[in-house]
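# Close look at the chain arrangement
Now for the letters of each chain:
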Amino acid sequence: MIVGLIVACEVAFWVLLAAGLAFRYLWRMPRTGLALLLCEPLLEVVLFAVTAIDLRNGAEPDWRHGLAAVYIGFTVGLGHSTIKWADARVAHRFAGGPPPVKPPKYGTARAVHEWKVAGRWILAALVAVALLQGAVWYVGGAGDTGSLRAWQLRMLWVIGINVVIAASYTLFPKREGSARVRR
């Protein structure tokens, strides 16, 4: 049931995003579009509540409950930037907005961009870790929380990978004109 709800939340995220942007730009109803976009967080609230109820009713914590926490964390950390990304493209394509800003390619500006991206991923992973820890405490010593702890370890890997990527752009910045010529 939890996995089905996660899939439904993901589908609903994209449906609400598309509908919100369509109302905002195609049908020139920005308030309706904004209202639809503001419904996005309700999806996570529903998923959180159903997961908590499932655990409260005696379900053994397993990978599905961990996946729900990770999904919520990633939506918190990456959802806003995804909406902003889509909004800029739809505004440009259908409402005469400016072209979307491309990320910088070189130097310090690129490193700063990579740290911002890493920050969003780190926030997502930290929210997931916190939710997973909350689930561990919620279940208490009565249940096997090994699968929840395994998800926490995966989120620490996500944090580490993002720090390494961002640090590589800081320590080894790509310089303009340094691209190799292919023959």
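Our subject is the structure that appears above.
Thresholds, definitions, all that
Residues numbered from 1 in each chain as written. Predicted model: local features only at pLDDT ≥ 70, side-chain atom pairs only at ≥ 80, totals over all residues. Heavy atoms only, no water. Patch = residues over 30% accessible without salt bridge, like charges linked within 9 Å, V, L, I, M, F, W, Y side chains within 5 Å. Areas by Shrake-Rupley, 256 points an atom, 1.4 Å probe, with all protein chains shown as cover. Salt bridge = Lys/Arg side-chain N within 4 Å of Asp/Glu carboxyl O. Buried < 20%, exposed > 50% of the residue type's maximum accessible area, 1.4 Å probe, protein only. Axes fitted to C-alpha atoms, helices over the stretch in contact; angles between N-to-C directions. Helix = DSSP H or I, 4+ residues; strand = E, 2+ residues; numbered from the N terminus. Parallel < 35°, antiparallel > 145°, perpendicular 65-115°, else oblique. Left-handed = near helix turned anticlockwise from the far one by under 90°. Expected span 1.5 Å × (residues − 1). Contact = heavy atoms within 4.5 Å. Phe/Tyr/Trp six-rings, centres within 6.5 Å; stacked < 30°, edge-to-face > 60°. Lys NZ or Arg CZ within 6 Å of the ring centre and 35° of its normal.

For the rest of this paragraph, the subject is a nonpolar patch on the surface. Taken together, the side chains of Leu153, Leu156, Trp157, Ile161 and Ile165 define a hydrophobic patch exposed on the protein surface, amounting to about 540 Å² of accessible area. Here isoleucine 165 falls in the partly exposed class, since its relative accessible area comes to 39%.

Running from N to C, helix α1 (residues 2-26) and helix α4 (residues 63-95) point in directions that differ by 15°, and their axes come no closer than 10 Å. Relative to α4, the element α1 lies roughly parallel. The crossing of α1 and α4 is right-handed.

As a further point, take helix α6 (residues 146-171). Between the first and last C-alpha of α6 there are 37 Å, a value that for 26 residues agrees with the 38 Å anticipated at 1.5 Å per step. Those residues of α6 lying buried are Leu148, Trp151, Gln152, Met155, Val158, Ile159, Asn162 and Ala166. Of the surrounding secondary structure, the elements contacted by the buried residues of α6 are α4 and α5 (107-139).

Quick look at unusual backbone geometry now. Its identity is not glycine, yet arginine 28 carries a phi of approximately 55°, on the positive side. Note that arginine 28 resides in the loop between α1 and α2 (30-38). Here arginine 28 falls in the exposed class, since its relative accessible area comes to 56%.

Scanning the entire structure with this criterion turns up three aromatic pairs. An angle of 85° between the planes, with centres 5.2 Å apart, marks the rings of phenylalanine 13 and tryptophan 14 as edge-to-face. Its relative accessible area of 41% is what places tryptophan 14 among the partly exposed residues. Considering the side-chain rings of phenylalanine 23 and tryptophan 27, the 5.0 Å spacing of their centres and the 65° angle between planes classify their relative orientation as edge-to-face. We classify tryptophan 27 as exposed; its relative accessible area is 52%. The residue whose ring lies beneath arginine 93 is phenylalanine 94, and the NZ or CZ to ring-centre distance is 5.4 Å. In this structure, arginine 154 packs its charged tip against the face of tryptophan 151, placed 4.7 Å from the ring centre.

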